[in-house]
Amino acid sequence: GAVPHLGHGVVAFPAVSARDGHQVRTVPVAWDTLPMTGGPVVTPCTNVLGALVDGVDLTDLSDEDFAAVDQALLDHQVLFFRDQDLSEDEHLAFAARFGEPSVFPVGKVLGSPSRMQYIEDTADSPPDADGWHTDVTWIEEPPQVAVLSARVIPEVGGDTLWASLTAAYEAL
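These lines cover the structure that appears in this document, whether it is placed above or below. Everything quoted here is computed from the prediction, not taken from an experiment. (Residues numbered from 1 in each chain as written. Predicted model: local features only at pLDDT ≥ 70, side-chain atom pairs only at ≥ 80, totals over all residues. Heavy atoms only, no water.)

Re the overall build of the protein chain
Line of reasoning, step 1. Scanning the protein chain from terminus to terminus reveals four helices and nine strands.
Line of reasoning, step 2. N-terminal to C-terminal, the α/β element order of the protein chain is β-β-β-β-α-β-α-β-α-β-β-β-α.
Line of reasoning, step 3. Looking at the protein chain residue by residue over its 172 residues, the buried ones come to 39%.
Line of reasoning, step 4. Within the protein chain, counting contacts between residues at least 6 apart in sequence, those at least 24 apart form 81% of the total.
Line of reasoning, step 5. With the model as given, the accessible surface of the protein chain reaches about 10500 Å², and the carbon-plus-sulfur share is 53%. (Helix = DSSP H or I, 4+ residues; strand = E, 2+ residues; numbered from the N terminus. Buried < 20%, exposed > 50% of the residue type's maximum accessible area, 1.4 Å probe, protein only. Contact = heavy atoms within 4.5 Å. Areas by Shrake-Rupley, 256 points an atom, 1.4 Å probe, with all protein chains shown as cover.)

Right, dumping it as structure tokens:
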């Protein structure tokens, strides 16, 4: 997933690598998610990308609810969860449901063993991700999943944009 540009804000996220035990993910041909009962409620944001997931507590997901969330991720490629105030440990535990969280390659080179990465944009440290980009595509096995958490969001700006390269390719 793309590192979001949040204007002045903070984001924390671990990424999950396929090499760390998570199977390679494929995107289904159909983009719509069947209604789920008694668990997560998945509402598509567009016809090709993104869905809002309600009705779950990411700190206490049953295996059945996690399977529904995982399928929604496959179906919609980007999921949004509102009102999930996760601690760092809870954030990593949720990410670990998809596979072993990895250490960001640049952090690894600089000697940081942390699986959490923080991006804080301030007047003294303005955003450096203003242009369109994708994360960590330059390594041999890029992460399959990134779990982001916006902690401070500005009243104006701070937009994060997502794009489906699968949908773009299918539209050719």
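Overview of the packing of aromatic side chains
Line of reasoning, step 1. In the structure shown here, the tally under the stated rule is three aromatic pairs.
Line of reasoning, step 2. With a centroid separation of 4.9 Å and an interplanar angle of 65°, the aromatic rings of Phe66 and Phe98 are classed as edge-to-face. Pair noted here: Phe66 is in helix α1 (residues 63–76) and Phe98 is in the loop between α2 (88–96) and β6 (101–102), with a separation of 32 residues, a long-range link. Both residues of the pair, Phe66 and Phe98, belong to the buried class.
Line of reasoning, step 3. Ring geometry for Phe81 against Phe94: centres 6.0 Å apart, planes inclined by 80°, an arrangement best described as edge-to-face. (Phe/Tyr/Trp six-rings, centres within 6.5 Å; stacked < 30°, edge-to-face > 60°.)

Focus on the environment of Asp135
Line of reasoning, step 1. By the element assignment, Asp135 lies in the loop between β7 (117–120) and β8 (143–146).
Line of reasoning, step 2. Residues Asp135 and Phe104, spaced 31 residues apart in sequence, show a C-alpha to C-alpha distance of 10.0 Å.

Some words on unusual backbone geometry
In terms of backbone geometry, most residues other than glycine have negative phi values and most peptide bonds are trans.
Line of reasoning, step 1. A positive phi is found at Gln77, a non-glycine position, where the angle reads about 70°.
Line of reasoning, step 2. Positive phi, normally seen in glycine, also occurs at Asp83, with a value near 55°.
Line of reasoning, step 3. The residue Asp83 is located in the loop between β5 (79–81) and α2 in this model.

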